Amino acid sequence: MSVGCDVVAKGTQLYLDGARSLKQFGEKLQKHFDGAVPQEVLDAVYSKAATSYRTQTGALEQIKTEMAKTIIAEARKNRTTGQKIGDAAMSISGVPRTLMTTADLSMTLRQAWAVSLSHPQMATKAMQDQLRAMFGSKKYGVTGEGWAHQVDAEIKARPNAELYRDSGLFLAPIEKGMGDLLRHEEVYQSDVPQHIPGVGRVVRASERAAVTYLNKMRADVFDSLAKNAGIDAAAPDLVSAKKIADFVNNATGRGNLPETLNQASQLLSTVFFSPKLVASRVGYLKGAIESGAKVVAEPIASRFNKGMTPVEKAVAMEYARTVGAVAAIYGVLKFAAGADVATDPRSSDFMKARFGKTRFDLMGGHQQYMVLLGRMLTGETTNNRGQIRSLDDQSPTASTRGDVMGHFARGKVAPIVGLGVDALVKKKSKDYPTANKPFYQKQVGTDFLGRPTTLQSNAERMFIPLHVSSLAQSLAEGEGVPKAVFAATAEILGAGVNTYSSGKQPRVPEQPITDYKNKVMREYGLR
């Protein structure tokens, strides 16, 4: 009898928890769309959802999705002309960002770099789900979309599922059309590419794969840290859980912006390539420094009962695992594979493994911040020829700390915004004569590295996936097919890849496909 009562009580509690969650979601919708959707519409949608929940208790997430879709559609109908133009501009500006990062598995070593290295077994399993979410599984007879939903449902059914939400762990939705309300990964916030014939299917598969991998890694790492810190899902310590969620979000490319900036996150995503990724990198490095300081001070602090908490110890171990993995990888590359690894933090090649003309950045985007910090602290910069220049030099042509910050910021703007900036700071290049060249090969701007840009180079830079550019760039520099394929594979997995001769950058950036075509035509006497 008592067992039966327990089952009833548990079922009743689950129902009440779901009803409470639905109410909170309805309140969030109401707050978000206050003024954009009539109150009577909001009330009607919530009433319909509540009625559906009474008869479909197990379909809570689907009911929430339908609520959001209905209200977003209503809000879109009520937009002013100015709002429609603004929304269209934001969608269009996100097209290059999506196309550049599509048809790859770059979340592995880019957004989720830290946890992919510190938890290789988890990453291997998540990679299997990522591939099945992209291509489907003939073995299990499931489509890619079906697999992505299965993984999503499994995560939502975990004991810690409610703790994910309450702690602020970011889990992106599988469903499209939720806009910024239910939030998507930044590189896939534009829906336009999904409707391009022939391309849309690839983009949708790429997004499913990315969301599946990141959500799986976030949930798995959160569960592992919560277990190590002694957090019980039945009676959780929410303060500790939030610390874990913050760490996991930062470690997987989803940092928190300050509240004043967070309100304008959609605008920031239009101007910058990935503002929350930037925030995550800053947050992760800041956390690493703080965690390292606590570890050093632990022997003394523990004597005064101010030692590290279980959560702080668990997070410190995560940083240690990542540092150990990085050391092992670069050790193998340098001493076993013969790579040249730069150790000067003032150089743009810092922590890059160089094979011939090709440089591999395996630091998940953290390397750029390390170089920035190294240059700002030392007041010096090292160029590609190994020459050290002072940032305090008073000569008119010398770079300053302001120039270093400006170059860094320009490298973070969204592609379309970057075109405008390049055109505004156009400097005529003596190394790139424009006489007798077709209009699409004439200089139209100067990029943040001081290189001339053309209509052709801009088009190739914005609309061709990064791994395709890496492949063609390596071939254009004469690296050979095996090295070029290896470089493209590394780019597919999220590593940063650049190919150019020592002491110089490509004269016209990011037009490797054209360079390789011209090289082949010259070799065969066609040009």
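A short tour of the structure in this document, coming up. Not measured: the values here are computed from a predicted model.

What counts and what doesn't
Every chain's residues receive numbers from 1 upward, in the order its sequence appears when written. Reporting of local features is limited, given that this is a predicted model, to residues whose pLDDT is at least 70; pairs of side-chain atoms are given and counted only at 80 or more, and all residues count toward the totals for whole chains, interfaces and linings. For the side-chain quantities, the full set of heavy atoms in the structure was used; hydrogens and water were omitted. To qualify as a helix, a DSSP run of H or I must reach at least 4 residues; to qualify as a strand, a run of E must reach at least 2; elements of each kind are numbered from the N terminus. Relative accessible area decides the class of each residue, using a 1.4 Å probe on protein chains only: under 20% of the type maximum gives buried, over 50% gives exposed, and in between gives partly exposed. Every residue pair with non-hydrogen atoms within 4.5 Å of one another is taken to be in contact. Throughout, the Shrake-Rupley method with a 1.4 Å probe supplies accessible areas, and for residues the shown protein chains are the sole cover considered. Ring pairs shown here join Phe, Tyr and Trp side chains whose ring centres sit within 6.5 Å, with only the six-membered ring taken for Trp; geometry is labelled stacked below 30 degrees between planes, edge-to-face above 60, and tilted in between. Pairing between strands is defined by DSSP: at least two bridges between the two strands are required. Every case where a carboxyl oxygen of Asp or Glu lies within 4 Å of a side-chain nitrogen of Lys or Arg is listed as a salt bridge. To get an axis, a line is fitted to the C-alpha atoms, and for a helix only the part in contact is used. The angle between two axes follows their N-to-C directions and goes from 0 to 180 degrees. An angle below 35 degrees is read as roughly parallel, one above 145 as roughly antiparallel, one from 65 to 115 as roughly perpendicular, and any other as oblique. Helix crossings get a hand from a simple test, with the near helix turned counterclockwise from the far one by less than a right angle marking a left-handed crossing and a clockwise turn marking a right-handed one. Asp, Glu, Lys and Arg are counted as charged, while Ala, Val, Leu, Ile, Met, Phe, Trp, Tyr, Cys and Pro are counted as nonpolar; the rest, among them Gly, fall into the polar class. A helix's residues, less one, multiplied by 1.5 Å, set its expected span. We call a set of buried residues a nonpolar core when its members are Ala, Val, Leu, Ile, Met, Phe, Trp, Tyr or Cys and they connect through side-chain atoms within 4.5 Å of each other.

1. A few points about the overall build of the protein
Phase 1 of the analysis: Secondary structure assignment for the protein yields 23 helices and 8 strands.
Phase 2 of the analysis: Residues counted as buried form 46% of the 527 residues belonging to the protein.
Phase 3 of the analysis: Summarising the internal contacts of the protein: among those between residues at least 6 apart in sequence, 66% fall at separations of at least 24.
Phase 4 of the analysis: Surface accessibility of the protein: about 27,200 Å² in total, with carbon and sulfur atoms responsible for 59%.

2. Notes on the environment of Glu207
Phase 1 of the analysis: Residue placement: Glu207 occurs in helix 11 (residues 200-228).
Phase 2 of the analysis: Judged by relative accessible area, Glu207 falls into the buried class, the value being 4%.

3. Considering the packing of aromatic side chains
Phase 1 of the analysis: Under the definition given, this model contains 9 aromatic pairs.
Phase 2 of the analysis: Note on Tyr140 and Trp147: the rings are 5.5 Å apart at their centroids and 45° apart in plane angle, and the pair reads as tilted.
Phase 3 of the analysis: Judged by its relative accessible area of 44%, Tyr140 is partly exposed.
Phase 4 of the analysis: Here the aromatic cluster, defined as three or more aromatic residues joined through ring pairs, consists of Phe247, Tyr284 and Tyr319.

4. Description of the pairing of strand 3 (residues 358-361)
Phase 1 of the analysis: Side chains of strand 3 alternate between two faces, with Thr358 and Phe360 and Arg359 and Asp361 buried alike.
Phase 2 of the analysis: Pairing geometry for strand 2 (residues 352-355) and strand 3, over 4 bridges, is antiparallel. What sits directly across from Lys352, in strand 3, is Asp361.
Phase 3 of the analysis: Counting the residues between successive antiparallel strands, the hairpin from strand 2 to strand 3 contains 2 residues, one of them, Gly356, with a positive phi of roughly 65°.
Phase 4 of the analysis: Pairing of strand 3 with strand 8 (residues 496-499), which is carried by 4 bridges, proceeds in the antiparallel orientation. Directly across from Asp361, in strand 8, lies its bridge partner Gly496.

5. Quick look at the pattern of salt bridges
Phase 1 of the analysis: Inspection of every chain in the model, using the stated rule, returns 18 salt bridges.
Phase 2 of the analysis: In this structure, Glu162 and Arg165 form a salt bridge, with 3.8 Å as the shortest nitrogen-oxygen distance. Of the two residues, Glu162 and Arg165 both sit in helix 9 (residues 161-167), 3 residues apart, roughly one turn of that helix.
Phase 3 of the analysis: With a closest N to O distance of 3.1 Å, Asp349 and Arg359 form a salt bridge. In this pair, Asp349 sits in the loop between strand 1 (340-341) and strand 2 while Arg359 sits in strand 3, placing the two residues 10 residues apart along the sequence. Judged on exposure class, the residue Asp349 and its partner Arg359 are both buried.
Phase 4 of the analysis: By sharing partners, the salt bridges in this structure join Asp129, Glu154, Arg158, Lys216, Asp220 and Asp223 into a single network.

6. Focus: the sheet that holds strand 3
Phase 1 of the analysis: Read from one edge to the other, the open sheet built from 4 strands follows the order 1-2-3-8, with strand pairing classed as antiparallel. Each edge of the sheet is formed by a strand with only one pairing partner; in this case those strands are strand 1 and strand 8.
Phase 2 of the analysis: Sheet strands touched by helix 21 (residues 466-476): strand 3 and strand 8. Its angle to strand 8, the strand with the most contacts, is close to 25°.

7. Some thoughts on the pairing of strand 2
Phase 1 of the analysis: Bridging between strand 1 and strand 2 involves 2 bridges; their strand directions are antiparallel. Bridged to Val341 within strand 2 is Ala353.

8. Digging into the packing of helix 21 against helix 22 (residues 481-492)
Phase 1 of the analysis: At their nearest, the axes of helix 21 and helix 22 sit 8 Å apart, and the two run at 160° to each other. In terms of orientation, helix 21 lies roughly antiparallel with respect to helix 22. In terms of crossing hand, the pair formed by helix 21 and helix 22 is right-handed. On the side of helix 21, the interface is formed by Leu466, His467, Ser470, Leu471, Ser474 and Leu475, while helix 22 contributes Val481, Ala484, Val485, Ala487, Ala488, Glu491 and Ile492.
Phase 2 of the analysis: Split into classes, the residues belonging to the contact of helix 21 with helix 22 amount to 9 nonpolar, 3 polar and 1 charged.

9. Some words on the environment of His467
Phase 1 of the analysis: Position of His467 among the secondary structure elements: in helix 21.
Phase 2 of the analysis: Taking C-alpha positions, His467 is 7.8 Å from Asp104, a pair spaced 363 residues apart along the chain.
Phase 3 of the analysis: Filtering out sequence-adjacent residues up to four positions away, His467 remains in contact with Thr102, Ala103, Asp104, Ala488, Glu491 and Ile492.

10. Thoughts on unusual backbone geometry
Phase 1 of the analysis: One non-glycine residue, Ala103, adopts positive backbone phi at about 60°.
Phase 2 of the analysis: Locating Ala103 in the fold gives a position in the loop between helix 5 (95-100) and helix 6 (113-118).
Phase 3 of the analysis: The partly exposed category is assigned to Ala103, whose relative accessible area is 31%.
Phase 4 of the analysis: The phi dihedral of Met351 falls on the positive side, at around 60°, and the residue is not glycine.
Phase 5 of the analysis: Taking the relative accessible area as the measure of exposure, Met351 reaches 17% and is therefore buried.

11. Details of the packing of helix 19 (residues 415-424) against helix 20 (residues 455-463)
Phase 1 of the analysis: Where helix 19 contacts helix 20, the axes come no closer than 10 Å and their chain directions differ by 160°. Between helix 19 and helix 20, the angle is such that the two are roughly antiparallel. Crossing angle aside, the handedness with which helix 19 passes helix 20 is right-handed. For the pair helix 19 and helix 20, the contacting residues are Pro415, Ile416, Leu419 and Asp422 in the first and Asn458, Arg461 and Met462 in the second.
Phase 2 of the analysis: For the contact of helix 19 with helix 20, a count of residues per class yields 4 nonpolar, 1 polar and 2 charged.

12. Details of helix 11
Phase 1 of the analysis: Over its 29 residues, helix 11 extends 42 Å from the first C-alpha to the last, a length consistent with the 42 Å expected when each residue adds 1.5 Å.
Phase 2 of the analysis: Summarising burial for helix 11: 23 of the 29 residues are buried, a large majority.
Phase 3 of the analysis: Directly after helix 11, the chain includes Gly230, whose backbone phi takes a positive value near 75°.

13. Observations concerning the nonpolar core
Generally speaking, soluble globular proteins have nonpolar side chains that are buried together.
Phase 1 of the analysis: Counting residues in each nonpolar core, the largest one holds 55 residues, and the members touching the most others are Tyr213, Met217, Phe222, Ile244 and Phe247.
Phase 2 of the analysis: Broken down by element, this core gets its largest block of residues, 11 residues, from helix 11.
Phase 3 of the analysis: With near-sequence residues (within four places) excluded, Met217 lies in contact with Val115, Ser116, His119, Met122, Ala123 and Ala126.
Phase 4 of the analysis: One finds Val37, Leu42, Ala49 and Ala68 within the second-largest nonpolar core, a separate group that totals 14 residues.

14. Brief notes about helix 21
Phase 1 of the analysis: Burial analysis of helix 21 places 8 of its 11 residues in the buried class, which makes it a mostly covered element.
Phase 2 of the analysis: Restricting attention to buried positions, one finds in helix 21 the residues His467, Ser469, Ser470, Ala472, Gln473, Ser474, Leu475 and Ala476.
Phase 3 of the analysis: Remark: Gly478 follows helix 21 within two positions and exhibits a positive phi of approximately 75°.

Geometric descriptors of this kind do not, in isolation, establish any biological role.
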